[in-house]
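# An overview of the molecular structure
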Amino acid sequence: MADTASSAVESALKNIEKVAETGGYLKKEVKEALLHAVSEIREYLEFLRMKTETYTDVNEAGREKPRTKQNKESPQNRLPRILDVEQIQNNKESIEEARERIKGQLDRALDITNNLIKSACQPAQRRRAQPWFDRTCYEERKETLRAVVKAKTSKNSEDLTRYAEKRKQYKYTIKVKKENYVEKKAQQMIEEAEKDPFWALKRKSRGVMKEIPIQNWQNHFAQILNKGNRTEAYEASTTEDAETVDRGMEITEDEITKGIGEAKNRKATGPDQIAYEHLNASADIFKIVWIELFNKCMKMGSIAEQWRRATLKILYKGKGSTEDMNSYRGVVLENTLFKIFMKI
């Protein structure tokens with residue numbers, strides 16, 4: 001049912017794009033608004049798709065069974081960072097479409113490449129047990145569950161005795177594993193305290209953040225970051241043709257390779273959820289697309305609309321009243337590909 005609805009919506013979006021791309025009485029502003037609406041709808045559909053996570057659980061017989069659980073956390077933190085590169089390579093038509101869209105629809109070109117990356121992400125199995133609950137504990141737990149099922153079914157004294165032994169061994173194993181884990185953590189704390197004698201005295205509490213209306217936050221950061229209420233960072237130059245760029249200013253493949261290679265992994269992502277690991281894994285495929293995209297932005301003197309959006313995280317500084325907005329620091333998370341562009 002969900003696939004049918006998604007296909008119907010995608011078909012409607014393509015029809016809207018055809019209307020926006022055809023010539024006629026539609027003004028440029030109307031066409032851009034239609035294409036922007038299509039981009040926003042696609043992003044929301046992708047968000048809904050990521051809301052459902054499939055994982056496995058173990059039933060009483062010790063067998064794995066599939067379950068579906070609603071993802072209560074942000075999908076940004078749950079997008080796997082391992083890519084199936086071959087899957088992206090097989091979508092040559094989409095890659096060529098992205099290159100064609102760069103000529104007049106930067107946001108649509110980014111949507112195509114981002115969706116290819118997201119669809120090629122390999123789901124990572126999330127660890128749900130305690131950190132000390134390793135493979136040995138898991139195997140003994142399965143054996144204990146199988147023993148109890150067999151004992152209840154057969155009601156044989158030998159099976160009951162075997163279950164009691166398995167249960168006793170399982171409890172002993174988890175007890176030893178937990179004690180070893182606690183001892184290991186204690187030893188790490190001792191080593192950290194030896195390196196920094198005042199480690200134990202450092203403030204660890206973040207404080208409880210009070211509920212402050214979002215409008216207050218908006219006004220607060222507007223006063224700090226945009227005192228003049230400007231809508232543009234600087235005035236666009238009209239002395240040069242926007243479509244002409246000096247050859248020496250064009251971004252090269254080596255610059256993109258260096259920019260991605262110097263980016264650090266395991267960093268927070270922006271609104272598009274694309275991480276540096278994704279860019280690094282798919283660089284050989286999308287590099288030609290990114291070169292054309294970056295140089296198109298240089299020629300136009302403008303960037304894609306979705307690059308103008310970012311995620312703002314509010315962090316408590318560790319001191320001051322939690323009701324005072326000055327006690328918090330704003331951290332902006334931008335799209336990773338835009339950060340590479342700005343770095344170059």
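What you see is a predicted model; the values in this text were computed from it and never measured.

## A short note on helix α9 (residues 253–262)
When we look at burial in α9, the residues that qualify are I256, G259 and I260. With its buried residues spanning 90° around the axis, α9 presents them on a single face. With respect to the buried face of α9, the exposed residues turned more than 90 degrees away are D254, K258 and G261. Of the surrounding elements, those touching the buried residues of α9 are α10 (276–281), α11 (283–300) and α12 (336–343).

## A few points about the packing of α9 against α11
Running from N to C, α9 and α11 cross one another at 120°; their axes reach a closest spacing of 10 Å. The angle between the axes of α9 and α11 places the two elements in the oblique class. Handedness of the crossing formed by α9 with α11: right-handed. Taking contact as the criterion, the partners of E253, I256, T257 and I260 in α9 are, on α11, A283, K287, W290, I291 and F294. A per-class count over the contact of α9 with α11 returns six nonpolar, one polar and two charged.

## Things to note about the UniProt feature "coiled-coil region" (unreviewed entry) in the chain
The sites that UniProt annotates as "coiled-coil region" (unreviewed entry) are residues 85–115. Taken end to end, residues 85–115 comprises 81% helix and 0% strand; its first and last C-alpha atoms sit 13 Å apart.

## Side note on the nonpolar core
Core analysis: the largest hydrophobic core is formed by 36 residues, its most contacted members being L279, F286, W290, L293, F294, W307 and L337. Counting only elements with at least two residues in this core, the list comes to α4 (92–101), α5 (106–119), α9, α10, α11 and α12. Membership of the second largest hydrophobic core comes to six residues, among which are I212, Y316, M325 and Y328.

## Things to note about the pattern of salt bridges
In the structure shown here, the tally under the stated rule is twelve salt bridges. Linking R162 and D159 is a salt bridge whose minimum nitrogen-to-oxygen distance equals 2.9 Å. Separated by three residues within a single helix, R162 and D159 lie in helix α7 (residues 157–195), roughly one turn from each other. For R162, a relative accessible area of 39% gives the class partly exposed. A salt bridge links E305 to R308; the shortest N-O distance between them is 3.7 Å. A single network of salt bridges, built from pairs that share partners, joins E96, R99 and E292.

Calculation criteria
Residues numbered from 1 in each chain as written. Predicted model: local features only at pLDDT ≥ 70, side-chain atom pairs only at ≥ 80, totals over all residues. Heavy atoms only, no water. Buried < 20%, exposed > 50% of the residue type's maximum accessible area, 1.4 Å probe, protein only. Helix = DSSP H or I, 4+ residues; strand = E, 2+ residues; numbered from the N terminus. Arc of directions from axis to C-beta. Contact = heavy atoms within 4.5 Å. Axes fitted to C-alpha atoms, helices over the stretch in contact; angles between N-to-C directions. Parallel < 35°, antiparallel > 145°, perpendicular 65-115°, else oblique. Left-handed = near helix turned anticlockwise from the far one by under 90°. Nonpolar A, V, L, I, M, F, W, Y, C, P; charged D, E, K, R; others polar. UniProt positions renumbered as here; feature names shortened; annotations may be inferred. Core = buried A, V, L, I, M, F, W, Y, C linked by side-chain atoms within 4.5 Å. Salt bridge = Lys/Arg side-chain N within 4 Å of Asp/Glu carboxyl O.

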